[in-house]
Amino acid sequence: MLKTLLTAVREYRRQSLLTPLLVALEVGIETFIPFLMAAIIDQGITPGRVDVIWRLGLILLAMSVVSLASGAASSWFSSHAAAGFSKNLRHDIFYNIQKFSFENIDHFSNSSLVTRMTTDITNVQNAYQMAIRIAVRAPLMLIFSIIMAFNINAQMATIFVVVVPILGVALYIIVHFAYPLFQKVFKRYDRLNQVVSENLRGIRVVKTFVRENEEIHKFNTASTDIFSTYSKAQRLLALNAPLMTFMINTTILAISWIGGQMIVGNSMQTGQLVSMFAYAMSVLFSLMMLSNIITQLSLSQASGNRIVAVLNETATITNPAQPVTEVPNGAVDFEDVSFYYAKKRKQPTLSDINLHIQNGALIGIIGSTGSGKSTLVQLLPRLYEANEGTVKVGGIPVQNYDLRTLRDNVAMVLQNNMLFSGTIKDNLRWGNPDATDAQMIAAAKLAQADDFINELPQGYDTYVEQDGSNVSGGQKQRLTIARALLKQPKVLIMDDSTSAVDTATEQKIREAFSHDLPDMTKILISQRISSISGADEIVVMDQGKINDIGTHDELLARNAIYQDLNKSQIHASQDPDVNPAGPTLQKVGDSHE
Amino acid sequence: MNSGVRSFGKKGSGPRHTGATVKRLLGLIFTSYPLPLIVAMISIIIAALAGVMGSLFLQRLVDDYILPLVQQHSHDFSNLFRAILIMGGIYYVGVIATLLFTQIMPVLGQRIQRRIRDDMFAHMQTLPVGYFDRNDYGDVMSRYTNDVDTLMQLISQSLPQFVSSLFNIVFVIVGMLTLSPLLTILSLFIFALSIGVIRFLSNRSSKYFQAQQRSLGQINGFIEENLNGLKVVKVFSHEKESEATFDKYNESLRQDAALANGYSTMLFPIMGNIGNILYVLTALVGGVLVVSHNSALTLGAIAAFLQLSRNFSQPISQISQQLNAIIIALAGAERIFQLLDEKSEVDNGQVTLVKAHAGADGQLVQDDQGSVYAWQDPKQAALIPLQGRVVFDHVDFSYDGHKQILKDINLVAEAGQKVALVGATGAGKTTITNMLNRFYEIGSGTITYDGINIVNIKKDSLRKSLGMVLQETNLFTDTVANNIRIGDLNADDAAVEKAAKLANADGFIQNLPQGYQTLIANGGSSLSQGERQLLSIARAAVADPPVMILDEATSSIDTKTERQVQVGMDNLMAHRTTFAIAHRLSTIFNADLILVIEDGEIKERGNHDTLMAQKGIYYELYTGKTILD
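Residues numbered from 1 in each chain as written. Chains lettered and ligands numbered in written order. Predicted model: local features only at pLDDT ≥ 70, side-chain atom pairs only at ≥ 80, totals over all residues. Heavy atoms only, no water.

As recorded in an unreviewed UniProt entry, chain B goes by the name Multidrug ABC transporter ATPase, listed as coming from Agrilactobacillus composti DSM 18527 = JCM 14202. Database annotation for chain B, UniProt heading Subcellular location (unreviewed entry): "Cell membrane". (UniProt positions renumbered as here; feature names shortened; annotations may be inferred.)

Given below as structure tokens:
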């Protein structure tokens, strides 16, 4: 884990190395101060020599200033190094995600990816800053102070040989037992959040079924669980403070008792005794700091692991070594194609698909959910990779193409069409960054979007809100079609992307396509028979297989599934005007009024 | 959670009514657990006092015991031993006091955190639906997590440390004054200097922490948008452009984070080294004073003073650190109190729903084992049979008192009839059903249920008599069976299965790995939209109410599943009064009453045939000539 994370240090290596060096300088000076202080007392104050006091005092002042400067600088550099490190981590994660195939994307939920890129990275950033500064400072402080103590009075310094291991073991025991408790607390918090979250989202269900008391009981159990584990963990950790006070006080008493006798016996001086007190505190405090550091670093380990999981996820679809950069035509071939969604299901999502579509044809695909319609067409722009068989566009297997070339030529209007915050023009330019206004208008006209765009307050410069909330479902769909057309693709796939468009407009879109784009292969997936009935050929999908291929009339005559769908859609209606799929009364995906 | 390195100066928005919040919070802590709090506070004071007295004792140790021994060349250490014993006594009283308050305060914090959370949740359950519609999900959520956590942090850590630091400073200053007023003035001068440094650094860092929060928010928003649209990004090979935008946000976050942390972490070494400077200055000035015999300063006093000055700079930086934590926690506490102060749903209903059976004379008799439900009005002897006749009489509604959302809605739904509501988003269809279950209260007019004004029906009873299948199915983390059982807690497994069969959900449930015992996680993300809807129909079926509100899902599920859902819905609607917010043909065809709603008004009413003949809005919609958005 550490190795992967540390690759993100990069250009911040200099600051990362400078920090511990400055810390070492600071600690060195700091531990030297009590030593000189002893000299002031013993060689200046006790013998009454003002000149010695002044000389040593000024040296000490100068040293303190240097120590202050290097301490401040080390903090400054450590912050910059850590912020830079986390920037690089975020960068690496984001760039890796951009490389993900659809299969990779399905591995992680969006919210978990966001958490990894924010909270987890912040945790790791703090841990990194700690690692290069405080985690260097504490052990150095401990070692230097012990060395200085031995230097002053080796006999007395042996106290530390007794005290340090005792405190070390005690602190270790506390951390050892508290750490798993804290891990448990995190899990209990998840449960609590879950209950609150489900209640916030499902408050109407709770109220409708009058479940307030049950939910309150559920919550109380969760919060009591947190209470009992968390207080245990905190009480354990709270032993640190009295333990430290106890050890420091005991050490000071021991030093006073032994030191008193030594001074009387002339083997020690008063100043040295005072400096021993200072060293005792440094030693014990740095031990405590060390135990804190260990706890903190191990708590951030989980965050580190979550980040590495994303970094180590390798994109399952990559560019070939010698990519083909031109798609000759829009012919499409599926040869013995099978496809499995990784791990999810035992039976294949698609099997034994054989389908040949000529350049410029208009093909309809129909079938129930889970029949594999969307999966089938997603193999064309290599959003997923077929497990068996060959998928060809323009007679060349899709794996041989440069990904960008392939996806530019096989345009896809997805089921969950999405617009991004920006003007309508910005959104259309996704199809072609260099599109001229005339090209954009032409594409919008084909998609029957030009009229409503012109009616918008700022026309093509109207700003689309983050989730496209200020355009209707049908308008959104027409914009996403126009966006795809701007690519001037050889193959256009529309995955149920006119579901919110009224039948008359839908008809106009189809007519415009046949008339103006005769050489573009058009593949339409739809739930409505009326949307695809005019297609050259209609593919009926059922349980991951092609059930039948034929024209509307042929299928009506012979295919049971097709007949069934047709029947349900013209249900009880003899009126020729009636839209056979029924009215689409509302904007897709709208939740509450 | 328990972060030892709490970023200092990380300010959210500060509290707005600091005084009132502090008062209420202290009141809460004090009235909840007065005894432990008092014990803890006294312990904190004792511990601080013991620390300072221990340091002061150093003077006597040196001046009264060690130095005389040195001068007398005596080897009688019994006095020294006694002195050390006294010192030990003081020290260990301090240790015990420390042990006491460090054990009491975290548990106190935990107790209060549990109590506040429980209170908050219980209170939240009484709030009207309007509260949840008005308030952002994340905002309410963070009150349970961040706000309660920081509050607990305040009680278990910041508060004791703050008090302890405060008393430490006071005792240290008093101690210093007894040793040497002159050196104390020197220390106070350094003290003032440190305050200046702290203020400078924390102003800087909090400025950049705010900037960092903004940058974090921006990058967060961008990442979310990018992830939600990642498939679109890939389809359009838009990766390069996204990366460029990301880099821009990322760099600005780096700069803010570096500066914010830079200024805040710098505080510790600077304060520490100012402490060193004070230490050195004390020795220097004190030494000169002793040597020049210009004051009563002794060697022991200097030793003690040096020790005290070590204890001086630490509490100062701690106080400034805790002050920030306290401000953040108070802002959180204010938000918690805000939720606790939200007004609960008003419920003056007297009429309740009871079980009953038909008596010999045909009259209903209350009976907890009875097979039918009836209304019980305390003002009336006889039970009223539960039938499901609903009447809206001149109903108006407005959220804010200005903009009319519903205008003069009149409708009669006879028991067992099906009413379809048709109209554009925002026309007021869902709002009409929200009046019936009293998620919102009507402005004027009356709604009656079996002839009883619904205002007089106890809300719990009213809602029990109404089934709802909502557009979005909210599943809870539990088994499939228990998710259905939400409709009726007392339903046994057979009843659950029966309801699932009625809802047409049994088939897919049997195919799940553990059937009815399959655990649903993440809101049922492993189930398809259609399957979730089937579960929510089963849930309503097990409740078996006489009146149903169906808000059909609009998102495209395929025809086959849709038909399954339709069969389930049809089964559910049979023999029940149904209000259907309709998107599907079949729902509309056979409705007894179709209401076309526009701008909160009923524009057309009738059944399918009469409305088609009318050739009005309904006809236009139905023939696909108009599309509603």
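Next, the rest of the story.
Summarise the overall build of chain B; cite the residues concerned and give the values.
Of the regular secondary structure elements, chain B holds 19 helices and 16 strands. Taking 2.2 N^0.38 as the reference for a compact globule, 629 residues should give roughly 25 Å; the C-alpha atoms of chain B span a radius of gyration of 36 Å, well beyond that estimate. In terms of principal-axis extent, the alpha carbons of chain B reach across some 120 × 70 × 55 Å. Relative to all contacts within chain B whose residues are 6 or more apart in sequence, the contacts with residues 24 or more apart total 73%. Put simply, chain B has 51 plus and 57 minus side-chain charges, and the middle of one group is 7 Å from the middle of the other. (Helix = DSSP H or I, 4+ residues; strand = E, 2+ residues; numbered from the N terminus. Rg over C-alpha atoms; globule rule 2.2 N^0.38 Å. Contact = heavy atoms within 4.5 Å. Lys, Arg positive; Asp, Glu negative; His and termini not counted. Charge placed at Lys NZ, Arg CZ, Asp CG, Glu CD.)

Describe the pattern of salt bridges, listing the residues and the values that go with them.
The final tally for this structure, using the stated rule, is 39 salt bridges over all chains. Its salt-bridge partner being A:Asp408, residue A:Arg404 comes within 3.8 Å of it at the nearest N-O pair. With A:Arg404 and A:Asp408 both in helix H13 (residues 403-409) and 4 residues apart, the pair spans about one turn of that helix. Classification of A:Arg404 as partly exposed rests on a relative accessible area of 35%. Relative accessible area serves as the criterion here: at 23%, A:Asp408 is assigned to the partly exposed category. Between B:Lys240 and B:Glu243 there is a salt bridge, with its nearest N and O atoms 4.0 Å apart. On the criterion of helical spacing, the pair formed by B:Lys240 and B:Glu243 is a turn pair, its members being 3 residues apart in helix H8 (residues 239-292). (Salt bridge = Lys/Arg side-chain N within 4 Å of Asp/Glu carboxyl O. Buried < 20%, exposed > 50% of the residue type's maximum accessible area, 1.4 Å probe, protein only.)

Now, about the side chain of A:Thr19: what can you tell me, with residues and values included?
Residue and element names in this part refer to chain A. Its place among the elements puts Thr 19 in helix H2 (residues 13-45). Residue Thr 19 is classed as buried on the basis of its relative accessible area, which comes to 0%. Reaching out from Thr 19, the side chain makes a polar contact with the backbone oxygen of Gln 15 at a distance of 2.7 Å. (Polar contact = N/O pair within 3.5 Å; in protein donor to acceptor, adjacent residues only side chain to side chain.)

Explain helix H1 (residues 18-32) of chain B residue by residue, including any values.
All names here are of chain B. Helix length check: H1, at 15 residues, gives a terminal C-alpha distance of 21 Å against a target of 21 Å (1.5 Å per residue), a fit within 8%. Those residues of H1 that fall on the buried side of the exposure criterion are Thr 21, Leu 25, Leu 28, Ile 29 and Ser 32. Projected onto a plane normal to the axis of H1, the buried residues spread over an arc of 90° and lie on a single side. Counted as exposed and oriented over 90 degrees from the buried face of H1: Gly 19, Ala 20, Lys 23 and Thr 31. (Expected span 1.5 Å × (residues − 1). Arc of directions from axis to C-beta.)

I'd like a rundown of the interface of chain B and chain A, residues and numbers included.
Reports often express the size of an interface as the amount of accessible area lost when the parts come together. Of the residues lining the interface, 167 residues belong to chain B; the matching set on chain A comes to 165 residues. Scanning the region where chain B abuts chain A turns up 3 salt bridges. With a closest N to O distance of 3.3 Å, B:Glu251 and A:Lys87 form a salt bridge. Inspection of the chain B/chain A interface yields 33 residue pairs in polar contact (both at pLDDT 80 or more). Top contributing element to the side of chain B that touches chain A by residue count: H8(B), with 33 residues. The class makeup of the residues in the side of chain B that touches chain A is 89 nonpolar, 49 polar and 29 charged. (Nonpolar A, V, L, I, M, F, W, Y, C, P; charged D, E, K, R; others polar.)

Which residues make up a negative patch on the surface, and what values go with them?
Residue and element names in this part refer to chain A. Taken together, Asp 536, Glu 537, Asp 553 and Glu 554 make up a surface patch of like negative charges. Along the chain, Glu 537 turns up in strand S11 (residues 537-542). Here Glu 537 falls in the partly exposed class, since its relative accessible area comes to 35%. (Patch = residues over 30% accessible without salt bridge, like charges linked within 9 Å, V, L, I, M, F, W, Y side chains within 5 Å. Areas by Shrake-Rupley, 256 points an atom, 1.4 Å probe, with all protein chains shown as cover.)

Please set out the sheet that holds strand S2 (residues 350-357) of chain A residue by residue, giving values where relevant.
Residue and element names in this part refer to chain A. The 4 strands are arranged S2-S1-S4-S5 in an open sheet whose pairing can be described as antiparallel. Sheet topology places S2 and strand S5 (396-397) at the edges, where each strand pairs with a single neighbour. Where strand S4 (residues 388-393) meets S5, 2 bridges bridge the pair, whose relative direction is antiparallel. Within S5, the residue paired with Lys 392 across the bridge is Pro 397. (Pairing = 2+ DSSP bridges.)

Can you break down the UniProt feature "transmembrane region" (unreviewed entry) in chain B residue by residue, with the values?
Residue and element names in this part refer to chain B. Using the residue numbers shown here, the UniProt feature "transmembrane region" (unreviewed entry) corresponds to residues 33-58, 83-108, 162-179, 185-202 and 277-306. Helix makes up 100% of residues 162-179 and strand 0%, with an end-to-end C-alpha separation of 26 Å. Segment residues 185-202 splits into 100% helix and 0% strand. End C-alpha atoms: 26 Å apart.

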